[in-house]
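Descriptive analysis of the structure
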Amino acid sequence: MSLEEPDSAELSRSQYESLLDAAETYREALVVRLCGDVGLRPTELTELTVDDVEQVRIDPPRYLIRVPAVDDGSGRTAYLPTHVERELRRYARSNGLTTDDRIFSVTARRLQMLVSEVADRAAEFLDQPTLADVSTSDLRQFFARTALVDHAVNPRVVKTVGGWRSFEALEPYLPEPTDAEIVDAFDAAERPSGPGRDGSRGGAGPMVSDDSVIRLLLAASDRYALLRLDADGYVERWNRSAAAMFGYRAGEIVGTHVSTFYTDEAVDDGVPERTLTAALEDSGTETDGWRIHEDGTRFRATEVVSPLRDEQGRHRGFAVFIRDASAVHEEVESVRSHRDELEDRYAVATAHRAVTRSLFESTDHEEIETETCAALTDGRAYECAWIDRATHSNRRREWRVSSGIDPDAIDQLLPERWLEGSTTDDLADDERTGGERGTANEEREPDDERETAVSIATDVPITTDRGDDGESSDGTGAVARVPLTYGDTVYGTLSVATGRAGAFNADERQWLETIGRQVGYAIAAIRRRNLLLSDNVVELEFDCRDADSVFVDASRRFGCRFELDSLVPISESTQLYYLRLEGASPADVFELAADDPGVADCRLVETDEDGWRVEFVVRGSSPALTLTEYGVTVLEAVTEGGVTTLTAECAADADVRTIVTGLRAAFPDSELVGKREVERTVQTAREFREGLEDRLTDRQAASLRAAYSGGYYDWPRESTAEEIADAMGISSPTLHNHLRKGQHELLRTFFDDPTEDDGAGETT
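Residues numbered from 1 in each chain as written. Predicted model: local features only at pLDDT ≥ 70, side-chain atom pairs only at ≥ 80, totals over all residues. Heavy atoms only, no water.

1. Here's the deal with the overall build of the protein
What the protein contains, in helices and strands, is 26 helices and 22 strands. For the protein, buried positions account for 43% of its 764 residues. Here the analysis covers contacts within the protein between residues at least 6 apart in sequence; of these, 59% occur between residues at least 24 apart. About 41200 Å² of surface is accessible on the protein, with carbon and sulfur atoms providing 47% of the total. (Helix = DSSP H or I, 4+ residues; strand = E, 2+ residues; numbered from the N terminus. Buried < 20%, exposed > 50% of the residue type's maximum accessible area, 1.4 Å probe, protein only. Contact = heavy atoms within 4.5 Å. Areas by Shrake-Rupley, 256 points an atom, 1.4 Å probe, with all protein chains shown as cover.)

2. Points about the pairing of strand β4 (residues 224-229)
Consecutive residues of a regular strand have side chains that alternate between opposite faces of the sheet. Side chains A225, L227 and L229 of β4 all project onto a buried face; the interleaved residues Y224, L226 and R228 project onto a face where none is buried. Where β4 meets strand β8 (residues 315-324), six bridges bridge the pair, whose relative direction is antiparallel. Bridge assignment links A225 to a residue of β8, and that residue is I322. (Pairing = 2+ DSSP bridges.)

3. Digging into the pattern of salt bridges
Applying the stated criterion across every chain, the model contains 31 salt bridges. Among the ionic pairs, R110 bridges to E117, the shortest N-O distance being 3.6 Å. Each of the salt bridges in this network shares a partner with another, and the network as a whole consists of E24, E28, R121 and R249. (Salt bridge = Lys/Arg side-chain N within 4 Å of Asp/Glu carboxyl O.)

4. Observations regarding the nonpolar core
Counting 71 residues, the largest nonpolar core has L376, Y382, F504 and F616 as the members making the most contacts within it. Y16, L111, A122 and L139 belong to the second largest nonpolar core, which has 38 residues in total. (Core = buried A, V, L, I, M, F, W, Y, C linked by side-chain atoms within 4.5 Å.)

5. Quick word on the confidence of the model for the protein
In this model, the protein carries an average pLDDT of 79, and 81% of its residues clear a pLDDT of 70 or more. The model gives residues 391-397 a pLDDT under 50, and that stretch makes 20 contacts with residues more than four places away or in other chains. Note on residues 754-764: pLDDT under 50 across the span, and 19 contacts to partners over four residues away in sequence or across chains. (pLDDT = per-residue confidence, 0-100.)

6. A word on helix α2 (residues 26-36)
Of all eleven residues making up α2, nine are buried, and the element is well covered by its neighbours. Burial in α2 covers these residues: E28, A29, L30, V31, V32, R33, L34, C35 and G36.

7. Some thoughts on helix α4 (residues 82-94)
If you check α4, its first and last C-alpha atoms are 18 Å apart, about what 13 residues at 1.5 Å a residue would give, namely 18 Å. G96 occupies a position one or two residues after α4 and carries a positive phi of about 65°. (Expected span 1.5 Å × (residues − 1).)

8. A short note on the side chain of T136
Residue position: T136 is located in helix α6 (residues 136-150). When near neighbours in sequence (up to four residues on either side) are disregarded, T136 contacts C35, P42, Q112 and V115.

9. Focus on the pairing of strand β7 (residues 298-309)
Pairing geometry for strand β6 (residues 285-292) and β7, over eight bridges, is antiparallel. Among the inter-strand pairings, G289 is bridged to a residue of β7, identified as A301. If you look at the hairpin formed by β6 and β7, you'll find five residues sitting between the two strands, and G296 has a positive phi there, around 95°. Where β7 and β8 come together, nine bridges link them in antiparallel fashion.

10. Remarks on the sheet that holds β7
Spatial strand order, β5-β4-β8-β7-β6: five strands in an open sheet with antiparallel pairing. Every interior strand has two partners, whereas the edge strands, β5 (235-238) and β6, have only one. Strand-to-strand twist across the sheet, computed as the mean angle between neighbouring axes with direction ignored, equals 30°. (Axes fitted to C-alpha atoms, helices over the stretch in contact; angles between N-to-C directions.)

11. Regarding the sheet that holds strand β15 (residues 536-544)
Within the open sheet, the eight strands sit side by side as β18-β19-β17-β16-β20-β21-β15-β22. Their pairing is antiparallel. Every interior strand has two partners, whereas the edge strands, β18 (599-608) and β22 (670-679), have only one. When strand polarity is set aside, the average angle formed by the axes of neighbouring strands in this sheet is 20°. The sheet contact formed by strand β17 (residues 574-582) and strand β19 (residues 611-619) spans eight bridges and is antiparallel. Residue pairing across strands places T574 opposite R619, the latter belonging to β19. This element, helix α19 (residues 550-558), spans β15, β16 (561-569), β17, β18, β19, β20 (633-640) and β21 (643-651) of the sheet and lies at about 25° to β20.

12. Considerations on the packing of helix α1 (residues 13-22) against α2
At a closest axis distance of 8 Å, the pairing of α1 and α2 adopts a crossing angle of 155°. The orientation of α1 relative to α2 falls into the category roughly antiparallel. From α1, Y16, L20 and A22 reach across to α2, where they touch E28, A29, V32, R33 and G36. By residue class, the composition of the contact of α1 with α2 is five nonpolar, one polar and two charged. (Parallel < 35°, antiparallel > 145°, perpendicular 65-115°, else oblique. Nonpolar A, V, L, I, M, F, W, Y, C, P; charged D, E, K, R; others polar.)

13. Let's talk about the packing of aromatic side chains
One pass over the structure, following the stated rule, counts 17 aromatic pairs. Between F590 and F616, the aromatic rings sit 5.9 Å apart at their centres with planes inclined by 70°, giving edge-to-face as the arrangement. One end of the pair, F590, is in helix α20 (residues 586-594); the other, F616, is in strand β19, and 26 residues separate them in sequence. Judged on exposure class, the residue F590 and its partner F616 are both buried. Each residue in the set W238, F246, Y248, F261 and F299 is aromatic and connected to the rest through ring pairs, giving one cluster. Across the ring face of Y262, the terminal group of R291 is positioned such that the distance to the ring centre comes to 3.9 Å. In this structure, R717 is placed above the aromatic ring of Y712, and the distance from its NZ or CZ to the ring centre is 4.0 Å. (Phe/Tyr/Trp six-rings, centres within 6.5 Å; stacked < 30°, edge-to-face > 60°. Lys NZ or Arg CZ within 6 Å of the ring centre and 35° of its normal.)

14. Quick look at unusual backbone geometry
Across the junction of W715 and P716, the peptide omega takes the value -5°, indicating a cis bond. By secondary structure assignment, the location of P716 is in the loop between α24 (698-709) and α25 (721-728). Phi at S283 takes a positive value of approximately 60°, unusual for a residue other than glycine. Examined against the element boundaries, S283 turns out to sit in the loop between α14 (271-282) and β6.

15. A look at the environment of I456
Among the structural elements, I456 can be located in strand β12 (residues 455-464). Here the alpha-carbon distance between I456 and S495, two residues 39 residues apart in the chain, equals 9.6 Å.

Dropping the structure here:
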């Protein structure tokens, strides 16, 4: 009898599947399959390489193994089932094997011992001592019997692929045929031959067991696991799919309660017990939650628990099917996070539009502040908002308006750096220059981003009173602060607080900075409008001795005098000064101004017997510019003896204290020396026209009217100067003289409003 002749204790299909379940590693399972499903010997396994696997059919894919020659024998060709080829390729990839590397770099004896260890483990798990005697020879016998009996493979094919030398080695696997089998075997001879008459059973074959189907499905992915619990919830069966998912070996986890796979919070809350109870009561249940790997890491899983019952309906345990849903959960969380981010951006954009709309509708300074705060908190963008200003006299903040929070609770939100007594303008200056932060939780824009004037405080306690029931809500969030600016003038600071995650990124900071400028512009526009529409104005007189002013410095050094003729705004921070200079050479003054970074350019315009008319282009802050940004109109400015005296007017309802505070914040050595209310003289259009006609000669008026009516001032011109002069019967130079002097009077009357006749209306 052959050494591989089967004995009475044949290995059944269920016992073979139990061996596969007992395999704790991919290598153990692969060795068992190569012996039991392919029929390879241990000595052949030690010589096998990935390159010996050959695909011989594409659709559907089919594989063969070119078995190397061993023990002075000849090589052969074996059939490699598709599912075994897939596991072999996976094993090779996971171990980084090349096509020339041996798949098992151990001895044949070690492979036999490996199968013996798996058999001992299976015998212990199933309490079947006979399994402990299973060897690689038994696995080859199982292969032969399965191929010959279960799948009815041609014996010659089985002999070839299994490496048996004669049919006698296979004969013990073939039982004596019964009468029915004999009749069925010759049934085809009784049927007519020909195409399409080969019977209806030509494609029939042994049914694939459900266990095999499940095993194939589990092997196709590492995201699924199947395990079995006893009636009390302890692990009873543990296979490779569960080991791959959780990381436990069978010997480590069998006999352990299912709660091992749950988080501590879920165990404390009784989730495992409730899940098993629900499965028993409802004949199965499905749950979703966090599960724990052997190394303590968490993953999201979907779990289906179904009770197992015997033929009498008695409860015998549970079948647990687990799907690793981490990838789906992460994708859902990513989509949810993106949705929340979009909702936050939409809320911020909505607040921005609301602020812009409120600025158009506000009519005074206080209403601008109130409506801005209300618009910012009318939505989910911000929990609360407030605007504060500072007074120069007491050097402390006065909270003017707030929304969503009680003013008395604001101090609790702010870091100590913001509460050290700095004035509003000092804080704004520090923000612009990137001063050091006072707390660890205060952030600024990264160096590679565009610098903004926004400061951020994080991890601040937020207590708001926005609830409809009047109750306060507590939480932790962030506070952003931005100055309300117009040019170089700071009217106060706007602060907003929110509990949104990821709030105040670079885009939102720049948006807040824009809001700060918009509110500053609106305040300046309101003040200027009030000044224009006011019948009663307040005339203010200031003395500025600040050495930062080039005119103060020059008058102190050279003993000269500057008198402002005209002030022309060029941009937000640039103004054109036309001044009368007396008592010093323009060259000396220009040389001093060249070293001043605030003076962009200067030149001599006109020289007369009393002095010089000069032009300065001043960039940045200046006393006149600061007053203008606070809605004040500068009427006169005289600098002499190191003091600039400015005469200006503002609306009667303007906050003079705020104006003085703003000027002294920019130019500390300044003071208000005079204040009086005056009634503005209103000149009608008719009075203006009659006064102008008195200042023009008849020839000047006639020349202007003829040029205007003749289209000389149109573009393109309808008439040339020569044509107008010819029509009036005068020469072209005479016409130009009349037009130039007449235009001068028009502009002088409009800009200067002279009250005395200085001879400009002389006859030509």
